[in-house]
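What the coordinates show
Single-letter residue listing:
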Amino acid sequence: MRHLLDTADMDVPAISGLLDMADHMAEINTRAVPKVPALRGRTVASVFMEDSTRTRLSFETAAKRLSADVMTFSASTSSVNKGESLRDTIETLSAMGVDAFVVRHKSSGVPAAVTQWTDATVVNAGDGWHQHPTQGLLDAYTVTRSLGAGNSMSGLTVAIVGDVKHSRVARSTSDVFHRLGARVLLVGPATLMPSGHCGGPALPGTECAPDLDSVIGGVDVLYMLRMQRERMDSALVPDIAEYSCRFALTPERAKSLREGALVMHPGPMNRDVEMLVDPAMLPGSRILAQVSNGVSVRMAVLFTLLGGAPGGLVETR
Amino acid sequence: MSKQTRRNAAGDLVIKSGSVVNPDGIRRADVRVSDGMVTEVGENLEGPNLLDAEGLYVSSGFVDLHTHLREPGREEAETVETGSRAAARGGYTAVVAMPNTDPAQDSVHVVRFVREQGRRAGLVDVHPAGCITVGREGRQLAPYASLAAEGVRIFTDDGNGVQDPLVMRRALEYARDLGIVLAQHCEVSSLTGGAVMHEGSCCSSMGVPGWPSIAEELMLHRDIELVRLTGAPMHFLHLSTAGSVELVRRAKKDGLPVTAEVAPHHLSLTDELLAGFDAVFKVNPPLRTMADIEALRAGVADGTIDAVATDHAPHPARTKELPLDQAPPGMLGLETALGVVVTSVNPGPVRIAELLSWNPARIAGITERHGRPVAPGEPANLAVWSNESVWTVSRDDTASRSRNNPYHGMELRGRTVHTIHDGEIVVRNGEALK
């Protein structure tokens with residue numbers, strides 16, 4: 001595997017191998033000096049054409065803990081505003097010597113295009129509504145390490161709740177969960193579901209459930225998606241209050257969760273839209289674990305793609 | 001520049017040993033061309049200039065109802081001359097130039113300019129289409145009578161559907177008595193906002209906004225009913241869905257004066273090609289599913305679809321390299337249309353001539369010079385072509401200024417060999433002579 005553009009780029013053994021690698025990285029992150037020389041001398045460029053401070057910092061932290069040099073390019077401070085094309089930007093940075101590009105863009109498919117313009121490795125850090133593969137992997141890592149049956153999610157039921165249609169997280173996470181053996185339910189109004197084809201599933205390997213209350217008591221993982229406030233502008237929902245009424249996690253709904261069920265959210269949360277309960281009060285919340293696991297999983301991704309020396313992981317500085 | 005003298009003044013041209021395709025059948029014959037006209041069709045004709053057509057068909061030249069020549073306004077993508085040359089290489093002797101130029105072809109002076117550029121290039125007859133509404137904005141009617149007096153016979157806002165049913169109704173009523181035809185781009189735009197590709201399972205997985213079939217079918221259905229109400233004829237551009245074929249089939253059964261075209265890519269390519277996010281496959285209306293392709297092929301076979309029209313839409317690489325949601329829609333088509341029709345439908349030489357020449361000439365209102373029988377006294381606008389020859393498409397082997405060819409690297413059966421425009425050989429063995 002040279003690039004990570006789509007969770008479909010990885011088969012199940014590759015996903016398992018990566019989750020195991022993330023265990024090593026998690027161990028490194030617990031050390032007094034959480035830094036190893038595995039990618040010393042390599043350069044990772046984060047090219048963020050859409051604002052996302054969290055994801056950018058997570059990738060950059062991962063790269064730095066592996067001792068890679070990090071270059072940051074963000075649209076707001078760059079010559080993109082002077083009319084330079086993305087292709088020119090990528091070719092220019094490549095010419096400076098980049099081993100991996102971490103790319104975020106508001107348009108689906110851009111990371112795939114970037115692979116045509118550089119010899120470097122490309123990691124998709126989120127493109128349009130399409131994919132956010134490291135999110136899918138870190139979510140799988142979070143669930144499997146919390147519920148513990150190796151790297152399998154067999155026998156688990158997951159509900160992904162909210163605006164699936166516009167969510168790259170839902171596309172990546174549902175794919176990884178499904179292929180690791182979970183039953184994946186997509187919960188939300190039909191207007192926020194991807195339009196499937198000929199009555200088929202909205203996304204491969206998923207089932208749709210229109211009503212949160214009828215499924216919440218049976219899930220092992222409740223995965224809440226962020227709801228954009230402007231969705232009512234294009235007639236997708238009547239208003240945010242009605243949306244919250246039907247699909248938000250409220251204190252009442254939280255009481256219907258099974259004991260031991262996990263609650264997850266890719267962040268940032270809307271505490272007045274889809275999360276009407278304080279996650280700190282939920283014993284099953286893994287929302288902060290997702291963030292810290294994100295660093296370990298992204299370290300594993302960069303290490304695997306850039307072919308870091310295995311010896312480089314054990315040596316502390 | 002031409003190595004031939006115009007109209008072969010030095011002597012007659014004889015197209016030797018071809019199979020001449022006419023509505024009453026196919027017969028092996030030589031065709032003598034003199035002074036821009038076919039003068040003789042018979043056996044053992046001789047002359048100073050011979051053009052070998054052994055194993056090839058000789059038919060009236062093809063007529064494209066749907067060509068974007070981009071001039072004036074977007075000469076970076078194509079000019080009337082380069083587009084005309086691509087057309088000639090495809091066997092076309094006439095093209096209808098779509099009016100979404102800048103400025104749009106909604107006034108006499110722009111129409112004159114485009115036609116004059118066509119004359120200057122001298123490769124095919126360029127017939128500018130007029131606009132249905134001023135600036136293609138869907139509000140005020142364009143001056144049909146003034147444009148008709150300039151020879152414009154077909155009017156469209158192509159690229160935009162006329163959204164307002166009142167405007168469409170008035171346009172049909174006003175046009176009815178002028179001997180012109182309105183051609184609709186069927187797309188209810190509020191259903192296709194930001195759309196990148198066919199709304200279906202591929203689009204769902206790829207996470208891009210979809211262009212649902214219903215957006216085409218709703219407007220088609222509305223306009224069929226407006227034709228029923230007004231009695232004015234109407235032509236439907238680039239139909240792409242199984243439901244559209246059925247709507248037109250029923251309208252024709254009801255005896256309504258409607259005609260329909262399909263683009264070669266909608267007979268051959270599916271939405272799955274977009275999985276790699278390559279904008280060369282982005283087109284409007286979008287590539288759809290195999291079920292749609294099969295319905296369109298059936299419509300071609302049973303006569304529901306009258307014509308194959310290319311929707312040749314050149315774009316520079318610079319814009320096709322933009323992200324899929326920002327790249328402009330459209331693909332080249334003039335040089336591959338015959339090959340795609342033969343490869344995907346193979347309806348036989350007479351039906352090919354009907355789909356590519358006779359019917360589009362009739363719809364475009366240019367039957368005085370195009371879509372004529374190959375017979376003495378008829379204008380010598382001729383295509384000489386094979387439905388057997390197999391070739392591999394290369395985007396670089398083109399007369400177009402652009403390279404957005406979706407068939408690059410694919411094998412096609414069927415190709416134009418020679419094109420005679422106005423009695424002059426403009427393409428010989430696939431190469432443009434001017």
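**With respect to the overall build of chain B**
Across its full length, chain B holds 11 helices and 19 strands. Its C-alpha atoms give chain B a radius of gyration of 21 Å, near enough to 22 Å, the size a compact globule of 434 residues would have. Seen through its principal axes, chain B has C-alpha atoms that stretch 60 × 50 × 40 Å. Within chain B, buried positions represent 60% of all 434 residues. When contacts within chain B are restricted to residue pairs at least 6 apart in sequence, long-range pairs at least 24 apart make up 76% of them.

**Some thoughts on helix α11 (residues 349-364) of chain B**
Residue and element names in this part refer to chain B. Spanning 16 residues, α11 covers 21 Å between terminal C-alpha atoms, matching the ideal 22 Å at 1.5 Å per step. A maximum bend of about 40° is found in α11 at Leu355. Among the residues of α11, Ile352, Ala353, Glu354, Leu355, Leu356, Ser357, Trp358, Asn359, Pro360, Ala361, Ile363 and Ala364 are the ones counted as buried. Remark: Gly365 follows α11 within two positions and exhibits a positive phi of approximately 70°.

**Focus: the sheet that holds strand β2 (residues 69-74) of chain A**
Residues and elements named next belong to chain A. The parallel open sheet is built from four strands, whose spatial order is β2-β1-β3-β4. At either end of the open sheet lies a strand with only one pairing partner, and these are β2 and β4 (121-127). Each strand axis lies, on average, 15° off the axis of its neighbour in the sheet, ignoring direction. Here strand β1 (residues 43-48) runs beside β2; their pairing, made up of six bridges, is parallel. Bridging from a neighbouring strand, Ser46 pairs with Thr72 of β2.

**Description of the confidence of the model for chain B**
All names here are of chain B. Summary statistics for chain B give a mean pLDDT of 96 and a share of 97% for residues scoring 70 or more. Note that residues 1-10 has pLDDT below 50 and, in this model, 18 contacts with residues that lie over four places away or in other chains. This complex was scored by the predictor with a pTM of 0.94 and an ipTM of 0.90.

**Some remarks on the environment of A:Ile240**
Secondary-structure assignment places A:Ile240 in helix α7 (residues 240-247). Linking A:Ile240 and A:Glu274, residues 34 residues apart in sequence, is a C-alpha distance of 9.3 Å.

What counts as what
Residues numbered from 1 in each chain as written. Chains lettered and ligands numbered in written order. Predicted model: local features only at pLDDT ≥ 70, side-chain atom pairs only at ≥ 80, totals over all residues. Helix = DSSP H or I, 4+ residues; strand = E, 2+ residues; numbered from the N terminus. Rg over C-alpha atoms; globule rule 2.2 N^0.38 Å. Buried ≥ 20, exposed ≤ 12 C-beta atoms within 10 Å, placed from the backbone. Contact = placed C-beta atoms within 7 Å. Expected span 1.5 Å × (residues − 1). Bend = angle between axes of the 7 residues up to and from the residue. Pairing = 2+ DSSP bridges. Axes fitted to C-alpha atoms, helices over the stretch in contact; angles between N-to-C directions. pLDDT = per-residue confidence, 0-100.

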